[in-house]
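The residues making up each chain are set out below.
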Amino acid sequence: QVQLVESGGGLVQPGGSLRLSCTASGRIPRFNVMGWHRQAPGKQRELVAVITFGGSANYADSVKGRFTISRDNAKNTVYLQMNSLKPEDTAAYYCNLAIGTINSWGRGTQVTVSS
């Protein structure tokens, strides 16, 4: 069983930055894929960015060039550096870890971009 805990959300002005963190605990298989998804009110959850155990990353078109995903395998932690934030980035952000039959989610952290 894998548990994920996110942190780092908050209120930020347009153009600002935030850094999200997610730490996994429990029985964590190696070579997993970790990622960030988000869900705005009234919308479906969408993929933001994913990163493999080896560090290969992919991003949603809407965040390319503004967000950077990274991970520290020794700490079982994935990060999401978010720059140039826009009001449309406002959402609950969820951490995910997947490998094989394991697909675990955190409880989410709220990001609100508003002046």
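What counts and what doesn't
- Residues numbered from 1 in each chain as written.
- Predicted model: local features only at pLDDT ≥ 70, side-chain atom pairs only at ≥ 80, totals over all residues.
- Heavy atoms only, no water.
- Helix = DSSP H or I, 4+ residues; strand = E, 2+ residues; numbered from the N terminus.
- Rg over C-alpha atoms; globule rule 2.2 N^0.38 Å.
- Buried < 20%, exposed > 50% of the residue type's maximum accessible area, 1.4 Å probe, protein only.
- Contact = heavy atoms within 4.5 Å.
- Areas by Shrake-Rupley, 256 points an atom, 1.4 Å probe, with all protein chains shown as cover.
- Pairing = 2+ DSSP bridges.
- Axes fitted to C-alpha atoms, helices over the stretch in contact; angles between N-to-C directions.
- Disulfide = S-S within 2.5 Å.
- Core = buried A, V, L, I, M, F, W, Y, C linked by side-chain atoms within 4.5 Å.
- Phe/Tyr/Trp six-rings, centres within 6.5 Å; stacked < 30°, edge-to-face > 60°.
- Lys NZ or Arg CZ within 6 Å of the ring centre and 35° of its normal.

### With respect to the overall build of the protein
Helix and strand counts for the protein come out as 0 helices and 11 strands. Moving toward the C terminus, one meets the helices and strands of the protein in the order β-β-β-β-β-β-β-β-β-β-β. By the compact-globule yardstick of 13 Å for 115 residues, the protein fits well, its C-alpha radius of gyration being 13 Å. Along the first, second and third principal axes, the C-alpha atoms of the protein reach 40 × 25 × 20 Å. Looking at the protein as a whole, 40% of its 115 residues qualify as buried. By sequence separation, contacts in the protein at least 24 residues apart represent 53% of the contacts at least 6 residues apart. Total accessible area computed for the protein in this model is approximately 6,300 Å², and 48% of it derives from carbon and sulfur atoms.

### Focus: the sheet that holds strand S8 (residues 77-82)
Across the sheet, which stays open at both edges, the 4 strands sit in the order S1-S3-S8-S7 with antiparallel pairing between neighbours. The strands lining the two open edges of the sheet, one partner per strand, are strand S1 (2-7) and strand S7 (67-72). Direction aside, neighbouring strands of the sheet carry axes that sit 15° apart on average.

### Side note on unusual backbone geometry
With a phi angle near 60°, Phe-31 is a residue other than glycine that sits in the positive phi range. Tracing the chain through its elements places Phe-31 in the loop between strand S3 (18-26) and strand S4 (33-39). If you check the backbone angles, Asn-76 has positive phi at about 50° while not being a glycine. Assignment of secondary structure puts Asn-76 in the loop between S7 and S8. Taking relative accessible area as the criterion, Asn-76 reaches 29% and is therefore assigned partly exposed.

### Here's the deal with the state of the cysteines
Evaluation of the coordinates by the stated rule reveals 1 disulfide. A sulfur-sulfur separation of 2.1 Å characterises the disulfide bridge that pairs Cys-22 with Cys-95. Every disulfide takes its handedness from the sign of the S-S torsion; for Cys-22 and Cys-95 that torsion is -80°, giving left-handed. On the criterion of sequence distance, the pair formed by Cys-22 in strand S3 and Cys-95 in strand S9 (residues 91-99) is long-range, its members being 73 residues apart. Taken as a pair, Cys-22 and Cys-95 share a single burial class, namely buried.

### Some remarks on the environment of Val-2
Mapped onto the elements of the fold, Val-2 is located in strand S1. Relative accessible area serves as the criterion here: at 11%, Val-2 is assigned to the buried category. Along the backbone, Val-2 and Phe-53 are 51 residues apart, and their C-alpha atoms lie at a distance of 16 Å. Leaving out residues up to four positions away in the same chain, Val-2 has contacts with Ala-24, Ser-25, Arg-27, Ile-28, Pro-29, Leu-97, Ile-102 and Ser-104.

### Notes on the nonpolar core
By size, the foremost hydrophobic cluster in this structure holds 27 residues, and its most contacted members are Trp-36, Leu-80, Met-82 and Tyr-93. For this core, the elements supplying multiple residues, two or more each, are S1, S3, S4, strand S5 (46-51), S7, S8, S9 and strand S11 (109-113). Not counting residues within four places of it along the chain, the set of residues in contact with Met-82 comprises Gly-16, Ser-17, Leu-18, Leu-20, Arg-66, Phe-67, Tyr-93 and Val-111.

### A few points about the packing of aromatic side chains
Inspection of the entire model under this criterion finds 1 aromatic pair. Its end group placed over the ring of Tyr-79, Arg-19 keeps NZ or CZ at 4.1 Å from the ring centre.

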